[in-house]
Amino acid sequence: MQVNNGYQPKIVAFCCNWCSYAGADLAGNNRLAYPENVKIIKVPCSCRVNPMFILRAFQRGADGVILCGCHPGDCHYTSGNYYTRRRMALLFSMLNFLGIEKERTRVEWVSAAEGAKFAATMNEFCETVAALGENKRLEDLRCKR
Amino acid sequence: MQRIGVFVCWCGSNIAGTVDVEAVSEALKSEPGVVFSTNYQYMCSQAGQDIIKNAIAEHKLTGIVVCSCSPRMHEATFRKTAAAAGLNPYMVEIANIREQCSWIHKDMATGTEKAIILGKAAVAKVNLNAPLTPGESPVTKRALVIGGGIAGIQTALDIADAGFPVDIVETKPTIGGKMAQLDKTFPTLDCAACILTPKMVDVAQHENIRIFSYSEVVEVGGFVGNFDVKIKKKARYVKEDVCTGCGICTEKCPMKKAPNEFNMGMDNRPAVYIPFAQAVPKVATIDPNYCNMLKNGKCGLCAKVCTAGAIDYTQKDEIIEEKYGAIVAATGFNPISMDKFDEYAYNQSKDVITSLEFERLTNAAGPTAGKLLRPSDGEHPHTIVFVQCVGSRCAACAEKGKEYCSKICCMYTAKHAMLTRDKYPDTDVYVFYIDVRTPGKSFDEFYRRAVEEYGVHYIKGMVGKVSPEGNKLMVQASDLLANKQLHIEADLVVLAAAIEPDKSARPLATMLTASMDTNDFFTEAHPKLRPVESPTAGVFLSGTCQGPKDIPETVSQASAAAAKVIGLLAKDKLTGNPCVAHSDELMCNGCSSCERVCPYGAITYVDKEFRMPDRTTAIRRVASVNTAVCQGCGACTVACPSGAMDLNGFKNAQIMAEVDAICK
Amino acid sequence: MQKVTSELLVKKASELLENGTVTRVLGWKKGEFSYDLTPAVFESGEELIKDFVFSDFSGANFSKYLIKETKKADGKVLVFLKPCDSYSFNQLLTEHRFDREKVYAIGIPCEGMADVDKIKKNVGDGIIDIISDGDRIVVKTLYDGDKEIAADDVKAERCIVCKSKKCVAYDELLGDNGEVIDSERFDEVEKLEKMTDDERFAFWQNELSRCIRCNACRDVCPACTCEKCVFDNPKSGVENKAISDSFEEKMFHIIRAFHVAGRCTDCGECSRVCPQGIPLHLLNRKFIKDINEFYGEYQAGAEIGSRAPLVNYTLDDIEPVDAVKKGEADNA
């Protein structure tokens, strides 16, 4: 996908092992394309994602961070994504409070059957972040190449 | 420093078609720690696996990265390959360059670039991997079933038949539960006692089953495969092994004013009693609340008439300690209290009864010997009104009742209505309902028979008020389909009271660290895929303690739970998942945040002595993870502010390294 | 009502030391100037008489000190708890951070503390002494003689919007207990929420870029009681600190606020001690405000053993995307 004269946002996607990572695999199985600048990191459960990882990604130059987990009620560990939901609601609200564009962060529930949703979500998220341009507000100057 | 080998798979043209595999293996060569990098057509093939094995030996690799298909496909394969070559299987990381790269990107240049970055992230992670060994724990080959109703009975029988010893703990003096109180069962109308009591006898006679009746679980420690349970055997003041169940004591007992629980308090029983004729164990129990001898030392008649010498007024509660490999909760249900439902006049009139009381009234062994008679005056009722959904399907905001559907009421009400009309054709029978729910084998046919063949008046609408007037009950109701108000002069009103989990379930769940929903039903490990397991490993669910169920469903679930227990007990050792949480005691604050988010109750706290920098010692409370119970979700790692809690295989540092590699 | 004075507290503490109820007293000690009080441990009546001070500058919250102090020796520690301190006290008990049996807590009423920086701004340099007399404060200066100002004009911000005058934990209470106050403490947060992204970013960039990472906010915070802070731990990978106006400070402050979210009692110590005058309490208050709005009113430390919102959930919690919108739309 070419947006903004070739500018492609850097996206880090944390995916839970049981639903969303499988959903991403399914997108692959069905050859549903999404931008190559989306890179997935596998975690056992969305509740494994520490806010520190998200800030770290921004600090090191990510333009958007998305967290994908099982739909509420479907967590492999029964309650993990409920904690995720609270943590991220508060964290993202705080980032917004600090003036960081709210469109750069996202939580999306993607089941193992939702390959199409995974691809569509990534396409849409990339477009949204691309429209914002580079993330300047959270980057760390020392981490600039 | 690790010595890492990188193996890039072509997957035929699946990967190689859009990813320049040669460029990937070349690029990863210069990553920190990488000492060997190659690519091959099919890494998962025997030849491919040999390449990996040989490289591990030749280059003394301490970790490997396979750039291939999804780890969901072949992670297990490559872990085995590594293990076969003497490398710890958890030193393997997979870079998913097929499903998440080559298959979705068309352009060779960008696909290759992404594959390289994914490879770098995997290398960065493997640099921080540490060998992991799954923990092993032994399994005590004995199961505990808590609750001796039909659910507990079926579970126990199935486990015992598979050859494992089972203990049943039942709070009542006999097993049998609610089913023993029922008259006939829908939709086949066979008598409950005829199908239940033989099973109770089977339980009593089974060499692998012990029954702790009149007992309760008071403490549960340990974890899957190794539970330590304390059971309190309440004093029944009768030596269980001596009593022959002849019943002479119950006949002679002069104190006959105790409400008979088995008949829902509709008649009385003696202070020394056997709940019903087919009770198992068939031994007498003295009720200390009514026995004159126990209350004030005056009487002692039962001891005199007992030829076996079984009466023992000095008996004390006894604590039994036992080890179990698995625990099944089968604590069952109760009808909810009708105290808050004044509109139905339950507490004002004896002729307003619950369905379970109706069940006793029609049971041949009940207080009326099976004759349908009004509790108030013993007259035969002519007009009978059944009210469904009493306390079921209430609005969430309502102060009384339950939000859920109790599931069994539609069917048993149809049964009651049908049987009444069958036996007493002179009666008028009305059923008020919101909806009639009859999904189940032969259920709808059964309900339709009640309406079509037996002439039961089914009226869609709710009863607004029941007012006792003289010896009649004035029932005011609405008929929603005819859109009119009805006034029925009834002789008997039967309330289909909602069912709720037994009160003992909540404290039991706390002991088991098993989770419950807001209604105090036990939660399943997965609502669809693991419906008979609790999220707490080694704890299983049987019957209505998990949710409202009828008998066929209860029995199926009971057998399913038994199958799960057998599967567990059949193992000699439990091998854990090594990707579990662990706490760095030096950093742990003991604040309990991790314990509170753990869905498995895997975290406990211990007081430990630490040497302080000034050479003194201090006792600190620190978290300790039971690796046999932890499932590795990682919820605790984020709840922990100090980072003392970390997750093997997905350590903070590892994930951060991946983030760094991707964002670079 | 009994007025709480230094003398009264010294008398009380001396009694308790003498009759053996306690062996140490946590209290405020005279500093170089009468207004720079420092927390100290007193072990005798003489020490108390010599150095113990309770005044408009006794803002320091001692709850956190109990963690170390109770472990140091046998015998009980006496601690004075102002209402806001008592919330921290309970929160630490909820987190099992010290042994309640080893503490004797005296609840004391508080009419609000004075802000030295406000006084300095008001009267200028050269302050040699500050004497409080109820509603009026007399400031003795080196160059301009005595100056008198209204106590209300120099009240600390956290005391102006005080959330509670109720001591929620004590063994003994001096004076009458107050009530929880429906305060306007979230007004400042709301003001920021109403700004645009750019304005908010500019505001925080300006504030947080002044951070010198002295860690005073963390060290004083009664919720930041980790045995080892992630930001001090080389193993955590985030321990590096640097003076630069880029992201590092934001990371530190966001994570710190997140770590104490649901546990922070809003005592305001972080802002009090910040040498750079950064309004750090606004970060915590944003979390508290969000928690109240998303998950229902919750006051950390109000009850011992309560389940903090971040280690809890309901099945129908607000989705993050809606939460973020709610966080600003309510006030936009």
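Residues numbered from 1 in each chain as written. Chains lettered and ligands numbered in written order. Predicted model: local features only at pLDDT ≥ 70, side-chain atom pairs only at ≥ 80, totals over all residues.

S.K.: How would you summarise the overall build of chain C if you had to cite specific residues and measurements?
M.R.: Helix and strand counts for chain C stand at 13 helices and 8 strands. Each principal axis of the C-alpha distribution contributes one length, and for chain C these read about 60 × 50 × 40 Å. Residues counted as buried form 43% of the 332 residues belonging to chain C. (Helix = DSSP H or I, 4+ residues; strand = E, 2+ residues; numbered from the N terminus. Buried ≥ 20, exposed ≤ 12 C-beta atoms within 10 Å, placed from the backbone.)

S.K.: Quick rundown of the overall build of chain B? Include the residues and the values.
M.R.: A count of helices and strands for chain B gives 18 helices and 34 strands. For chain B, whose C-alpha radius of gyration is 33 Å, the value lies well above the compact-globule estimate of 26 Å for 664 residues. Across its three principal axes, chain B shows a C-alpha extent of roughly 95 × 65 × 50 Å. Burial status across chain B gives 53% buried among its 664 residues. Restricting the contact set of chain B to residue pairs at least 6 apart, pairs at least 24 apart contribute 70%. (Rg over C-alpha atoms; globule rule 2.2 N^0.38 Å. Contact = placed C-beta atoms within 7 Å.)

S.K.: Quick rundown of the interface of chain C and chain A? Include the residues and the values.
M.R.: On the side of chain A, 32 residues touch chain C, which itself brings 36 residues to the contact. For the side of chain C that touches chain A, the secondary-structure elements that each account for two or more residues are helix 7 (187-194), helix 8 (197-208), helix 10 (247-260), helix 12 (281-295) and helix 13 (320-329) of chain C. Looking at the side of chain C that touches chain A element by element, the count peaks at 8 residues for helix 10 of chain C. Split by residue class, the side of chain C that touches chain A holds 22 nonpolar, 3 polar and 11 charged. (Nonpolar A, V, L, I, M, F, W, Y, C, P; charged D, E, K, R; others polar.)

S.K.: Help me get a handle on helix 4 (residues 115-132) of chain A, residues and values and all.
M.R.: All names here are of chain A. Taking 1.5 Å per residue, 18 residues should reach 26 Å; helix 4 reaches 26 Å between its end C-alpha atoms and fits that length. Among all positions in helix 4, only Gly115, Phe118, Ala119, Thr121, Met122, Phe125, Cys126, Val129 and Ala130 are buried. All buried residues of helix 4 fall inside an arc of 160 degrees around its axis, so they share one side. Taken together, the buried residues of helix 4 touch strand 1 (11-16), helix 1 (20-29), strand 2 (38-43), strand 3 (64-69) and strand 4 (105-109). Backbone geometry just after helix 4 places glycine 133 at a positive phi near 85 degrees. (Expected span 1.5 Å × (residues − 1). Arc of directions from axis to C-beta.)

S.K.: So what's going on with the packing of helix 1 (residues 21-28) of chain B against helix 5 (residues 108-127) of chain B? Residues and values would help.
M.R.: How two helices sit against one another is set out by the angle between their axes and by the gap between those axes. All names here are of chain B. Two elements in contact, helix 1 and helix 5, have axes separated by 9 Å at closest approach and are oriented at 35 degrees. Regarding helix 1 and helix 5, the two cross each other, and that crossing is right-handed. Of the residues in helix 5, those in contact with Ala23, Val24, Ala27 and Leu28 of helix 1 are Thr112, Ala115, Ile116, Gly119, Lys120 and Val123. Its residues placed into classes, the contact of helix 1 with helix 5 shows 7 nonpolar, 2 polar and 1 charged. (Axes fitted to C-alpha atoms, helices over the stretch in contact; angles between N-to-C directions. Left-handed = near helix turned anticlockwise from the far one by under 90°.)

S.K.: Describe in detail the nonpolar core, supporting the description with residues and values.
M.R.: In terms of nonpolar packing, the biggest core is built from 226 residues, with A:Val12 and B:Ile64 touching the most fellow members. A total of 10 residues in this core trace back to one element, the largest contributor, which is helix 3 (residues 80-97) of chain A. Residue contacts for B:Ile64: discarding those within four places in its chain leaves B:Ile4, B:Gly5, B:Phe7, B:Ile52, B:Ile56, B:Ala82, B:Met91 and B:Val92. (Core = buried A, V, L, I, M, F, W, Y, C linked by C-beta atoms within 7 Å.)

S.K.: So what about the sheet that holds strand 2 (residues 34-40) of chain B? Which residues, and what values?
M.R.: Residues and elements named next belong to chain B. One open sheet holds the 4 strands; their spatial order is 2-1-3-4, and the pairing between them is parallel. Each end of this open sheet is capped by a strand with a single partner; those strands are strand 2 and strand 4 (92-96). Shown here is a sheet whose adjacent strand axes are inclined to one another by a mean of 15 degrees, direction ignored. As paired strands, strand 1 (residues 4-9) and strand 2 are joined by 6 bridges and run parallel to one another. Bridging from a neighbouring strand, valine 8 pairs with asparagine 39 of strand 2. Where helix 1 meets the sheet, its contacts fall on strand 1, strand 2 and strand 3 (63-68), and the angle it forms with strand 2 comes to roughly 175 degrees. (Pairing = 2+ DSSP bridges.)

S.K.: Can you break down the environment of B:Ala235 residue by residue, with the values?
M.R.: Looking at the secondary structure, you find B:Ala235 in the loop between strand 12 (226-233) and helix 8 (248-252). Spatially, the C-alpha atoms of B:Ala235 and B:Asp312 are 9.4 Å apart, while their sequence positions differ by 77 residues.

S.K.: Hey, could you go over the domain arrangement of chain C for me, with residue numbers and the actual values?
M.R.: Residues and elements named next belong to chain C. Domains assigned within chain C are domain 1 (6-113 + 162-173), domain 2 (117-150) and domain 3 (187-329). Spacing between the C-alpha centres of domain 1 and domain 3 amounts to 27 Å. Between domain 1 and domain 3, the residue contacts involve 17 residues of the former and 16 residues of the latter. It is helix 4 (residues 83-94) that provides the largest number of residues to the side of domain 1 that touches domain 3, a total of 9 residues. (Domains from an automatic or database assignment.)

S.K.: Before we move on, could you go through the interface of chain A and chain B and cite the residues and values that matter?
M.R.: Taken together, the contact pairs 34 residues of chain A with 38 residues of chain B. For the side of chain A that touches chain B, the elements supplying multiple residues, two or more each, are helix 1, strand 2, helix 2 (51-59) and helix 3 of chain A. With 6 residues, the single largest contributor to the side of chain A that touches chain B is helix 1 of chain A. When its residues are assigned to classes, the side of chain A that touches chain B shows 18 nonpolar, 7 polar and 9 charged.

S.K.: How would you explain the sheet that holds strand 7 (residues 145-150) of chain C if you had to name every residue and give the values?
M.R.: Residue and element names in this part refer to chain C. Strand order across the open sheet formed by 3 strands is 5-6-7, with antiparallel pairing between neighbours. Sheet topology places strand 5 (127-133) and strand 7 at the edges, where each strand pairs with a single neighbour. Taking each pair of neighbouring strands and ignoring which way they run, the sheet shows an average axis angle of 20 degrees. One ladder, built from 6 bridges, connects strand 6 (residues 136-141) with strand 7; its direction is antiparallel. Residue pairing for strand 7: valine 138 is matched across the bridge by glutamate 148.

S.K.: Which residues make up the environment of B:Ser504, and what are the values?
M.R.: Residues and elements named next belong to chain B. Looking at where serine 504 falls in the secondary structure, it is placed in the loop between strand 28 (499-501) and helix 14 (505-512). Taking the number of C-beta atoms within 10 Å as the measure of exposure, serine 504 has 18 and is therefore partly exposed. Separated by 288 residues in the primary sequence, serine 504 and glutamate 216 have C-alpha atoms spaced 9.2 Å apart. In contact with serine 504, not counting residues within four places along its chain, are Thr171 and Thr331.

S.K.: Could you give an account of the packing of helix 6 (residues 150-161) of chain B against helix 15 (residues 551-569) of chain B, naming the residues involved and the relevant values?
M.R.: Residue and element names in this part refer to chain B. Where helix 6 contacts helix 15, the axes come no closer than 8 Å and their chain directions differ by 35 degrees. Between helix 6 and helix 15 lies a crossing of right-handed hand. Note on element contacts: helix 15 touches helix 6 through Ile551, Thr554, Val555, Ala558, Ser559, Ala561, Ala562, Val565 and Ile566, opposite Ile150, Ala151, Gln154, Thr155, Asp158 and Ile159. Partitioning the contact of helix 6 with helix 15 into residue classes produces 10 nonpolar, 4 polar and 1 charged.

S.K.: For the pairing of strand 1 of chain B, give the residues involved together with the corresponding values.
M.R.: All names here are of chain B. With 6 of its 6 residues buried, strand 1 lies for the most part within the structure. Note that strand 1 and strand 3 share 5 bridges and pair parallel. Of the residues in strand 3, the one forming a bridge with valine 6 is valine 65. Viewed along the sheet, the connection from strand 1 through helix 1 into strand 2 turns out right-handed. (Right-handed = clockwise from strand over helix to strand, strands pointing away.)

S.K.: Give a description of unusual backbone geometry that names residues and reports values.
M.R.: Backbone torsion omega between B:Phe186 and B:Pro187 reads -5 degrees, so that peptide bond is classified as cis. By secondary structure assignment, the location of B:Pro187 is in the loop between strand 8 (184-185) and strand 9 (190-191). For the peptide bond that leads from B:Val280 to B:Pro281, omega is 0 degrees, which places it in the cis range. One can find B:Pro281 in the loop between strand 15 (272-273) and strand 16 (285-286). Despite not being glycine, B:Ser592 shows a phi value in the positive range, around 80 degrees. Judged by local crowding, B:Ser592 falls into the buried class, with 21 C-beta atoms found within 10 Å. Even without a glycine there, the phi angle at C:His96 is positive, about 55 degrees. Here C:His96 shows up in the loop between helix 4 and strand 4 (103-107).

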